[in-house]
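Single-letter residue listing:
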Amino acid sequence: MRNLKSMFAASAVLMLAGGHAVADELRYATFVPPHHPAQRGMQAMADKIAEDTKGGLTFKVFPSAQLLSSKATLGGLRDGVTDTALLVPAVTPNELKYTNVLADTIVFGDSPAAVTGAVLETMLFNCPQCKAEWAAQKSIMLATYTSLPYDLLCHAEIKTFGDLKGKKVRFPGGAFNRWAEPMGAVAVTTTANEIAEALDRGQVDCALAPLYWLSGYSLGDVVKKVLDVDYGSYRPVALLAMNTDVLKKMSPENKKTLMKHIPQAIAQVQMVELAADDKAAEDLAKEKKILVVKGGAEFAKARAEHMKKEYDAIIESAKRRGIEDAKPMIDAFMTSLKKWDAAVAKIGNNQQEYANLLYKEIYSKVQF
């Protein structure tokens, strides 16, 4: 596979200047390493675009925060330090406050693939405030993905959901922290990179995280038991955010090529790369003899009660952050999610059918 460093600008297509073909190279800033599932999916997209355009559009990739840290990415995108980027809206809550309301919907949506479709539809068609706040940063979110469901990864001996009472649990923040009350747990905050040490030293008993973090963050050496439950999935992550000045300068052919390949990249990440990491984590759990147990009826009851309160909790949380008009966008998201849940249920894990669905429902309609 050719290095993403030389390929990612493959979305910049041939421009004719005085009869000569001009190749465009776009900078892509990401804080994740090359082996990250998002990065692998974007590499595949870069290779295919480069092939389609015969090298007319390429991306120069700066992985592992070589160009911009996670927190500095939005500002760097706005100021032209980079042309495109992988971006987590949660690290800039003041600049992207409406987008971050969607991050509060973690417990809604049984299928991460359906959530991704609903987030895109909401952001691009049904949330003018979202579009406006990105525009204020001279940026636009062109692609996103949703994490796989979060589980409880424990060092302590946890047999049932009820055993979590009084235990110290690392929560990722935001809406995930609202799980502390139904668990009866003590919420602890650490970065993802600090989880392994915190579990090993007994600073936390469990961590709320996706199963694939067993390998991704070396948690397989310290986790003894996994409580396999669905505490929600993280969303949204901007798989591809772009500077709007750069987008405006792209030729119609460039844009058409990009819109053709973005759904393929999302499908690659959402249905292939994340699944591959999850399977690797399952294999690691078997190898390390990590016991994986279901949450059982006790958790199912707690989750049902928790979900009854979450809609109102999202609205109230938004109001505390100064957002009085969150309800219409949340309602739009919930309506869209029902549609996407049904559509994804029909196609299952068919990567190409999912990419086709994304193109039909979103990328064939969106205007930039």
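Small disclaimer: the values here were computed from a predicted structure and weren't measured.

Scoring rules and cut-offs
Residues numbered from 1 in each chain as written. Predicted model: local features only at pLDDT ≥ 70, side-chain atom pairs only at ≥ 80, totals over all residues. Heavy atoms only, no water. Helix = DSSP H or I, 4+ residues; strand = E, 2+ residues; numbered from the N terminus. Buried < 20%, exposed > 50% of the residue type's maximum accessible area, 1.4 Å probe, protein only. Contact = heavy atoms within 4.5 Å. Lys, Arg positive; Asp, Glu negative; His and termini not counted. Charge placed at Lys NZ, Arg CZ, Asp CG, Glu CD. Disulfide = S-S within 2.5 Å. Phe/Tyr/Trp six-rings, centres within 6.5 Å; stacked < 30°, edge-to-face > 60°.

*Asks:* Could you give an account of the overall build of the protein chain, naming the residues involved and the relevant values?
*Replies:* On a plain count of helices and strands, the protein chain comes out with 14 helices and 13 strands. Summarising its shape, the C-alpha atoms of the protein chain cover approximately 70 × 45 × 40 Å along the three principal directions. The burial tally for the protein chain puts 56% of its 368 residues in the buried class. Within the protein chain, contacts between residues separated by at least 24 positions form 79% of all contacts whose residues are at least 6 apart in sequence. Counting 45 positive and 42 negative side-chain charges, the protein chain places the averaged centre of each group 1 Å from the other.

*Asks:* Explain the state of the cysteines residue by residue, including any values.
*Replies:* Formally, a disulfide is one covalent bond, and it connects the sulfur atom of one cysteine to the sulfur atom of another. As enumerated under the stated definition, the model contains two disulfides in all. The cystine pairing of the protein chain, numbering bonded cysteines in sequence order, is 1-2, 3-4.

*Asks:* Requested: an account of the packing of aromatic side chains, with residues and values cited.
*Replies:* Inspection of every chain in the model, using the stated rule, returns seven aromatic pairs. On the basis of an interplanar angle of 25 degrees and a centroid distance of 4.6 Å, the ring pair of Tyr-150 and Phe-176 is categorised as stacked. With Tyr-150 in strand β7 (residues 150-154) and Phe-176 in the loop between β8 (168-170) and α7 (180-183), this pair connects stretches of sequence that are 26 residues apart. Take Tyr-150: its relative accessible area is 5%, and that puts it in the buried class. Seen from their ring centres, Trp-179 and Tyr-231 are 4.9 Å apart, and the 85 degrees between their planes marks the pair as edge-to-face. Here Trp-179, found in the loop between β8 and α7, pairs with Tyr-231, found in the loop between β11 (225-228) and β12 (237-243); they are 52 residues apart in sequence, far enough to count as distant. On the accessibility criterion, Tyr-231 (0% relative accessible area) is buried.

Treat this as a map of the structure, not an account of what it does.
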